[in-house]
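Next come the chains, spelled out residue by residue.
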Amino acid sequence: LAPGQIHEGIVRSLRDFGAFVDLGGIDGMVHVSQLSWERIKHPSEVLEVGQTIKVRIEKVDQESGKIALVYRDLADNPWDSVSSKYAIGSTVSGKVTKLMQFGAFVRLEAGVEGLIHISEMGHGRVNRAGDVVSEGQEVEVKVLAVDVSAQRIGLSLKALMPKPEKPKPSEPDPAEVAAAAEAKRKREEQAKHLKGGVSAPSGGEKFGLKW
């Protein structure tokens, strides 16, 4: 047995962390992360005891006798066609699979998930992803970024939402406008009748005083 070889085996047992496969007198283990391109919680979602499968040998530890196997690599990698399926700027649909503090993961197809960052969930401040979406919800999103090597897709809900309209200035109250105009008119009338200033007569001339 050597890394890279393809062997046929029988699934002997399923554990939370993976599946043990009999390669013909010796067992190897497929870790749960190597069972499917899609995120799974338990090996039973993919395999069943007694099933005959083909696996690739990933690593052989001569000292411990442990053999690490890979199952998912024998199926087509969905990320190979992501760039053509999910072009930047396109609109796609998916199901919300997980909510996090920083956003929500959306399943676009088996083995392909994208992330709606919390900053892309709506116009204005969003405190929690759960305030906008819920697990299992079908959503329509816009593709912002695609990184095939890192298997990451950036998505946006906000980009498909209409921008909120700016509030229009409130119309002035006609009664208030009329009252203000009347008050201004009265002030102007009063100003016309006021006496004083350096050029106005002081009244002392009546008594022969030059004040």
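Residues numbered from 1 in each chain as written. Predicted model: local features only at pLDDT ≥ 70, side-chain atom pairs only at ≥ 80, totals over all residues. Heavy atoms only, no water.

1. Description of the overall build of the protein chain
No. 1: Along the protein chain, the regular secondary structure elements total 2 helices and 10 strands.
No. 2: When the 211 residues of the protein chain are sorted by exposure, 27% land in the buried category.
No. 3: When contacts within the protein chain are restricted to residue pairs at least 6 apart in sequence, long-range pairs at least 24 apart make up 57% of them.
No. 4: When the accessible surface of the protein chain is summed, it comes to about 14500 Å², and 51% of that surface belongs to carbon and sulfur atoms. (Helix = DSSP H or I, 4+ residues; strand = E, 2+ residues; numbered from the N terminus. Buried < 20%, exposed > 50% of the residue type's maximum accessible area, 1.4 Å probe, protein only. Contact = heavy atoms within 4.5 Å. Areas by Shrake-Rupley, 256 points an atom, 1.4 Å probe, with all protein chains shown as cover.)

2. Observations regarding the sheet that holds strand β9 (residues 138–147)
No. 1: As summarised here, the arrangement of the 5 strands in space is β6-β7-β8-β10-β9, forming a closed barrel in which the pairing is mixed. In this sheet, neighbouring strand axes are inclined to one another by 50° on average, regardless of whether the strands run parallel or antiparallel.
No. 2: Here strand β6 (residues 91–100) runs beside β9; their pairing, made up of 5 bridges, is antiparallel. Bridge assignment links Gly 94 to a residue of β9, and that residue is Val 139. (Pairing = 2+ DSSP bridges. Axes fitted to C-alpha atoms, helices over the stretch in contact; angles between N-to-C directions.)

3. A closer look at the environment of Glu 113
No. 1: Along the polypeptide, Glu 113 turns up in strand β8 (residues 112–117).
No. 2: Distance from Glu 113 to Trp 79, taken between C-alpha atoms, is 9.9 Å for residues 34 residues apart in sequence.
No. 3: A polar side-chain atom of Glu 113 sits 3.1 Å from a polar atom in the side chain of Thr 97. (Polar contact = N/O pair within 3.5 Å; in protein donor to acceptor, adjacent residues only side chain to side chain.)

4. Quick word on the packing of aromatic side chains
No. 1: All told, the structure shown has 2 aromatic pairs when counted by the stated rule.
No. 2: Judged by centre distance (6.1 Å) and plane angle (90°), the ring pair of Phe 17 and Phe 20 falls under edge-to-face.
No. 3: On the accessibility criterion, Phe 17 (39% relative accessible area) is partly exposed.
No. 4: Residue classification places Phe 20 among the partly exposed positions, given a relative accessible area of 23%.
No. 5: Considering the side-chain rings of Phe 102 and Phe 105, the 6.2 Å spacing of their centres and the 90° angle between planes classify their relative orientation as edge-to-face.
No. 6: Looking at Phe 102, the relative accessible area reads 36%, which means it is partly exposed. (Phe/Tyr/Trp six-rings, centres within 6.5 Å; stacked < 30°, edge-to-face > 60°.)

5. Focus: the pairing of strand β2 (residues 18–22)
No. 1: β2 sits mainly inside the fold: 4 of its 5 residues count as buried.
No. 2: For strand β1 (residues 6–15) and β2, the ladder comprises 5 bridges, and the chain directions are antiparallel. Its bridge partner being in β2, Leu 14 is matched across the sheet by Ala 19.
No. 3: Linking two consecutive strands that pair antiparallel, namely β1 and β2, is a turn of 2 residues.
No. 4: Where β2 meets strand β3 (residues 27–31), 5 bridges bridge the pair, whose relative direction is antiparallel. Its bridge partner lying in β3, Gly 18 is registered against His 31.

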